[in-house]
Amino acid sequence: MTVTISGTTGITTPANTVSGSITFGDSSTQSTAPYSTAALAAQFASSLSANGYQKLPSGLIIQWGSVGYSAAPDISVTVTFPIAFTASFYVAGVLGLVTASGDGRLFGTASIGAPSTTSFSIVLRNNVNAGSSTGIIYWYAVGK
Amino acid sequence: MDIDKKSMYYSKATNGFYTLEIHSFIPEDAVEITVEQWQALLEAQAEGKVIQSDDNGHPVALEQNMSEAK
């Protein structure tokens, strides 16, 4: 397939907003509605970077990020979400990556505390020993 | 949507970030910040700092006292 774009048309500038229709379902149930690229972008509002979010048309928001830590053996780290959930926090997950530690062993557990629509905390517990560790916790959160 | 043209808002009361693109309600005490400032705060958080409000209600990233979990 060949796509040729000529002239000064650019789909990202408001003056040249592309309009059209999107069809769902088969011919017996299909409905069509006009969408502009701007309206679609608002339905799928996002900020795609290392700490970002993606909103879906249903209202669901997925967020993610990381937080570095250097302490131990048991600590609590507060994380502010890139964007506040509009109504509810549903679930979060954390994954730890230890980049350096006293004896190279992973801390015991990383768990979630005090979730709200704007922030949550990550609780690290070193169940292995009393040593300190340094690393990065990757997290994601889902809500609406 | 050109991200550079999007303003962000920070509320001291909720310690949260908002954007009109998503939120139909933004707390009354919220202050407007640029996308660049917002990204810088998130990057500072990723480096281990904590996002808080200063005395004027503007967000700042401070060294976090990683309190010992009880």
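This text goes with the structure placed above it.
So, a few notes on the structure that sits alongside this text. Please read all numbers here as calculations on a predicted model, not as lab measurements.

**Comments concerning the interface of chain B and chain A**
Counting from both sides, the interface comprises 29 residues of chain B and, opposite them, 34 residues of chain A. Regarding the contact of chain B and chain A, the summed buried area is about 2400 Å², with carbon and sulfur atoms giving 55% of it. Between chain B and chain A we count zero salt bridges in total. In this structure, the connection of chain B to chain A is made through eight residue pairs in polar contact (both at pLDDT 80 or more). Secondary structure elements with two or more residues in the side of chain B that touches chain A: strand S2 (16–18), helix H1 (35–46) and strand S4 (49–53) of chain B. Ranked by residues supplied to the side of chain B that touches chain A, first place goes to H1 of chain B with six residues. A breakdown of the residues in the side of chain B that touches chain A according to their chemical character gives 13 nonpolar, 10 polar and six charged.

**Overview of a nonpolar patch on the surface**
A grouping of Tyr90, Val91 and Tyr140 of chain A is seen on the molecular surface, where their side chains present a nonpolar patch of about 300 Å² in accessible area. If you trace the backbone, Tyr90 of chain A turns up in strand S7 (residues 89–101).

**Here we look at the sheet that holds strand S3 (residues 31–33) of chain B**
All names here are of chain B. Pairing within the open sheet is antiparallel, and its three strands lie in the order S2-S1-S3. Two strands bound the open sheet, and with one partner strand each, they are S2 and S3. Shown here is a sheet whose adjacent strand axes are inclined to one another by a mean of 35°, direction ignored. As paired elements, strand S1 (residues 8–11) and S3 share three bridges and run antiparallel to each other. Within S3, the position partnered with Tyr10 by the bridge is Val31. Across the sheet, H1 touches S1, S2 and S3, and the angle it forms with S3 is around 90°.

**Here's the deal with the nonpolar core**
Judged by nonpolar contacts, the single largest core of 30 residues is most densely connected at Phe120, Ile122, Ile137 and Trp139 of chain A together with Phe17 and Trp38 of chain B. The element best represented in this core is H1 of chain B, accounting for four residues. If near-sequence neighbours (up to four positions away) are discounted, Trp139 of chain A is found in contact with Gln63, Trp64, Gly65, Ser66, Val79, Phe81, Pro82, Gly93, Val94, Phe120 and Ile122 of chain A.

**What to know about the environment of Leu48 of chain A**
Residues and elements named next belong to chain A. Along the polypeptide, Leu48 turns up in the loop between strand S3 (46–47) and strand S4 (52–55). With 15 residues separating them along the chain, Leu48 and Gln63 place their C-alpha atoms 9.6 Å apart. Those residues within four positions of Leu48 in sequence are excluded, and the remaining contacts are Tyr53, Gln54 and Trp64.

**Observations concerning the pairing of S4 of chain A**
Across a regular strand the side chains alternate sides, sitting on one face of the sheet and then on the other. All names here are of chain A. Every second residue of S4 is oriented toward a common face, with Gly52 and Gln54 on one face and Tyr53 and Lys55 on the other, all of them buried. Sheet topology note: the S3/S4 ladder contains two bridges and is antiparallel. Looking at the pairing, Ser46 lines up with Gln54 of S4. Here S3 folds back onto S4 in antiparallel fashion, the turn holding four residues.

About the cut-offs
Residues numbered from 1 in each chain as written. Chains lettered and ligands numbered in written order. Predicted model: local features only at pLDDT ≥ 70, side-chain atom pairs only at ≥ 80, totals over all residues. Heavy atoms only, no water. Contact = heavy atoms within 4.5 Å. Buried area = accessible area lost by both parts, 1.4 Å probe. Salt bridge = Lys/Arg side-chain N within 4 Å of Asp/Glu carboxyl O. Polar contact = N/O pair within 3.5 Å; in protein donor to acceptor, adjacent residues only side chain to side chain. Helix = DSSP H or I, 4+ residues; strand = E, 2+ residues; numbered from the N terminus. Nonpolar A, V, L, I, M, F, W, Y, C, P; charged D, E, K, R; others polar. Patch = residues over 30% accessible without salt bridge, like charges linked within 9 Å, V, L, I, M, F, W, Y side chains within 5 Å. Areas by Shrake-Rupley, 256 points an atom, 1.4 Å probe, with all protein chains shown as cover. Pairing = 2+ DSSP bridges. Axes fitted to C-alpha atoms, helices over the stretch in contact; angles between N-to-C directions. Core = buried A, V, L, I, M, F, W, Y, C linked by side-chain atoms within 4.5 Å. Buried < 20%, exposed > 50% of the residue type's maximum accessible area, 1.4 Å probe, protein only.

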